[in-house]
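Letter by letter, the chains look like this.
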Amino acid sequence: MRIIITESYEQMGVEAANIVAGQIYLKPDSVLGLATGSTPVSMYQRLAAVHKSVGLDFSQVTTFNLDEYIGMSPDNPQSYHYFMQENFFRHINIRPENVFLPDGMADDMVAEGERYEKLIASRGGIDLQVLGIGQNAHIGFNEPDVKFAATTHKVELDEETIQANSRFFNSVSDVPRYAISMGIKTIMMAEHVILLANGRNKAEAVYKAVCGDVTPEAPASILQLHRDVAIILDKQAASLLPSAIRGVQITVK
Ligand code: PGA
């Protein structure tokens with residue numbers, strides 16, 4: 001595990017974008033796993049800027065998003081399909097046929113989970129997975145007490161997650177209760193993983209992910225067992241971490 005601590009939210013996005021851009025330069029047909037939420041927006045903005053300024057080429061890139069709300073059609077402005085389009089895809093030269101998210105409108109979520117896993121496998125697996133982290137240390141929508149062996153599946157959102165996500169809706173009662181999410185196993189199978197976090201409200205979750213026991217109560221803690229993970233933080237999200245952690249390389253930018 002590597003940790004990169006940056007001065008600001010913008011700088012966190014730049015560091016993350018550098019890793020993603022490096023992956024695409026090395027392997028133009030990379031398969032990226034992508035995340036929604038406020039956290040990765042500065043990374044998407046930076047990647048779009050690099051695409052515009054020096055022509056970072058997404059034409060052979062494939063993307064798989066982590067999750068989608070159940071019951072949300074892609075044209076719903078609160079869907080993650082829509083979020084990705086607005087915040088990233090429409091600013092780069094990715095091909096629509098290479099963009100994948102779980103289908104929140106599928107009739108049979110078990111079949112949809114299997115279909116999504118097969119699609120990922122058919123593209124050769126995920127080279128680089130981007131993650132945010134919830135205040136309850138969830139990754140994707142894998143909430144505390146997750147089954148580490150799960151692949152893409154239907155999940156019931158935690159009350160804490162519903163409250164946190166209500167800022168994007170008119171009222172808390174409008175937040176969907178269910179989602180379909182890649183599982184921990186899907187995430188752990190990615191070749192490389194980067195996890196981004198900013199803000200003081202993520203500091204406890206980051207501490208649990210990096211320094212706590214590996215336990216289903218803190219889903220992100222499983223990343224301690226991944227062979228190549230970089231955690232990119234602003235200094236508020238890093239504020240509870242000790243200055244040295246055994247087996248972890250810490251870089252302060
Ligand atoms: P956020 O969500 O980036 O909007 O804070 C992260 C998450 O819940 O995984």
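Residues numbered from 1 in each chain as written. Predicted model: local features only at pLDDT ≥ 70, side-chain atom pairs only at ≥ 80, totals over all residues. Heavy atoms only, no water.

## Things to note about the overall build of the chain
Counting its regular elements, the chain contains seven helices and 11 strands. The C-alpha atoms of the chain give a radius of gyration of 17 Å, which matches the 18 Å a tight globule of 253 residues would have. Principal-axis analysis of the C-alpha atoms places the extent of the chain at approximately 50 × 45 × 35 Å. With 253 residues in all, the chain has 55% of them scored as buried. (Helix = DSSP H or I, 4+ residues; strand = E, 2+ residues; numbered from the N terminus. Rg over C-alpha atoms; globule rule 2.2 N^0.38 Å. Buried < 20%, exposed > 50% of the residue type's maximum accessible area, 1.4 Å probe, protein only.)

## Description of the pairing of strand β2 (residues 31-34)
Note on strand geometry: in a regular strand, side chains alternate between the two faces of the sheet. Both faces of β2 are covered, namely the face carrying Val31 and Gly33 and the face carrying Leu32 and Leu34. Both β2 and strand β3 (residues 62-65) contribute to a ladder of four bridges, which runs parallel. What sits directly across from Leu32, in β3, is Thr63. Since β2 and β3 lie parallel, the crossover through helix α2 (residues 41-54) that links them has a hand, and here it is right-handed. Relative to strand β6 (residues 128-131), β2 is paired through two bridges, and the arrangement is parallel. When the sheet's bridge partners are listed, Gly33 is paired in β6 with Gln129. (Pairing = 2+ DSSP bridges. Right-handed = clockwise from strand over helix to strand, strands pointing away.)

## Concerning the sheet that holds strand β4 (residues 67-69)
One open sheet holds the three strands; their spatial order is β4-β8-β7, and the pairing between them is antiparallel. At either margin of the open sheet sits one strand with a lone partner, and together these are β4 and β7 (153-156). The average angle at which neighbouring strand axes cross in this sheet is 30°, direction not considered. With four bridges joining them, β7 and strand β8 (residues 178-181) adopt antiparallel strand pairing. Counterpart to His153 in the pairing with β8 is Ser181. (Axes fitted to C-alpha atoms, helices over the stretch in contact; angles between N-to-C directions.)

## Here's the deal with the pattern of salt bridges
For the structure shown, the criterion picks out seven salt bridges. Between Lys253 and Glu15 there is a salt bridge whose closest N-O contact spans 3.6 Å. Of this pair, Lys253 sits in the segment after β11 (249-252) while Glu15 sits in helix α1 (residues 9-26), and the two are 238 residues apart along the sequence. For Glu15, a relative accessible area of 10% translates into the label buried. (Salt bridge = Lys/Arg side-chain N within 4 Å of Asp/Glu carboxyl O.)

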